[in-house]
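# Analysis of the macromolecular model
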Amino acid sequence: MSATRSLVPGGEVSQGGGNGQPAVRPAPVHPIDLPRIEHAVREILLAVGEDPNREGLCKTPHRVARSYAELMAGLNEDPRRHLRTVFQERYDEVVLLRDIEFHSLCEHHLLPFTGHVHLAYLPDGKVVGLSKLARMVEGFARRPQVQERLTMQIADALWEELAPLGAACVIEAVHTCMTIRGAKKPGSVMVTSALRGVFKKNPSSRAEVLALIAAHPISKL
Ligand SMILES: [Zn+2]
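The text that follows walks through the structure, step by step, so that each part is easy to find.

Right, let's talk about the pairing of strand β4 (residues 95–106) for a bit. The pairing of β4 with strand β5 (residues 112–122) spans 9 bridges and is antiparallel. From the neighbouring strand, Glu-101 faces β5, where its bridge partner is His-116. Between β4 and β5, which follow one another and run antiparallel, lie 5 residues, and Leu-110 among them has a positive phi close to 55°. Sheet topology places β4 next to strand β7 (residues 144–145); 2 bridges connect them, and they run parallel. Pairing of Cys-106 across the sheet is with Gln-145, part of β7.

See below:
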């Protein structure tokens, strides 16, 4: 994965535009088609032999459609936009935000995977509000995802939008497609990391940021 350029499934092409042009174009907006989801859910109920008209199920397609719209709301936004409100600060030590809870959907099974994101950057003049970092995570999580890509998207967004000296993202998550079906391994936690800049190249910087991330018991999965 290049440290300076990424192509993000879903439409966001990142890379400085130059000539005063915006660096990133917004993801295309596809309004979520609720009636279509409702129809599909009704079909699933029929396919498993249920009666979608019985009292307990008659409003289920409607509820599921609204749930999916919420869980996939990130498809209709460019999460990087949250990193464009920056302020100049001569702070030159690591900024770390740990234990950002997230909920995403595994794109292979459309089952939830949930956990915590820990992210860090070493500013080079630009810093960003903590709530913006959390909103950026939310935008990338709320879509069909794989954990590996989510990790890289967050690291690349920090790296390319804030132009820091280093950027890091570590994610710990439990995948319900692993715990409630298939291999049925409850308690298994997947950990992924993506490092950019000095955190990737410089062993002591890498050790420092990973130690900061691991400094306290983290998981409350
Ligand atoms: Zn899965």
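Let us now look at the nonpolar core. When a protein is soluble and globular, its nonpolar side chains tend to lie buried together. Ranked by internal contacts, the top residues of the largest apolar core, which has 33 residues, are Leu-119, Val-137, Ile-154, Ala-155, Leu-158, Ala-168 and Cys-169. Mapped onto this core, the elements with two or more residues apiece are β5, α3 (130–141), α4 (147–162), β8 (166–175), β9 (190–197) and α7 (203–213). Broken down by element, the residue count for this core peaks at 8 residues, all from α4. Contacts of Ala-155, omitting those with residues within four sequence positions, involve Ala-167, Ala-168, Cys-169, Ala-194, Leu-195 and Arg-196.

For Asp-99, which is not a glycine, the phi torsion comes out positive at approximately 65°. Within the secondary structure, Asp-99 is located in strand β4. What makes Asp-99 partly exposed here is the crowd of 15 C-beta atoms within 10 Å.

Our focus in this paragraph is the packing of helix α1 (residues 34–47) against helix α2 (residues 60–71). Direction vectors running N to C along α1 and α2 enclose 125°, while the axes themselves pass 8 Å from each other. Put simply, α1 runs oblique to α2. Where α1 crosses over α2, the two elements pack in a sense that is right-handed. Contacts between α1 and α2 involve Leu-34, Ile-37, Glu-38, Val-41 and Arg-42 on the former and, on the latter, Thr-60, Pro-61, His-62, Val-64, Ala-65, Arg-66, Tyr-68 and Ala-69.

About the thresholds
Along each chain, residue indices are assigned from 1 in the same order as the chain's sequence is written. Only residues with pLDDT of at least 70 get local features here, since the model is predicted, and only at 80 or more are side-chain atom pairs given and counted; chain-wide, interface and lining totals rely on the full set of residues. Pairing between strands is defined by DSSP: at least two bridges between the two strands are required. A run of DSSP states H or I qualifies as a helix once it reaches four residues; a run of E qualifies as a strand once it reaches two. Both are numbered from the N-terminal end. One nonpolar core equals one set of buried Ala, Val, Leu, Ile, Met, Phe, Trp, Tyr and Cys residues connected by C-beta atoms within 7 Å. Here a residue counts as buried when 20 or more other C-beta atoms fall within 10 Å of its C-beta, as exposed when 12 or fewer do, and as partly exposed in between; the C-beta atoms come from the backbone. We call two residues in contact if the C-beta atoms placed from their backbones are at most 7 Å apart. Lines fitted to C-alpha atoms define the axes, with helix axes restricted to the stretch in contact, and inter-axis angles between N-to-C directions lie between 0 and 180 degrees. Roughly parallel means an angle under 35 degrees; roughly antiparallel means over 145; roughly perpendicular covers 65 to 115; every other angle is labelled oblique. The hand of a helix crossing depends on one turn: near helix anticlockwise from the far one by less than a right angle means left-handed, and clockwise means right-handed.

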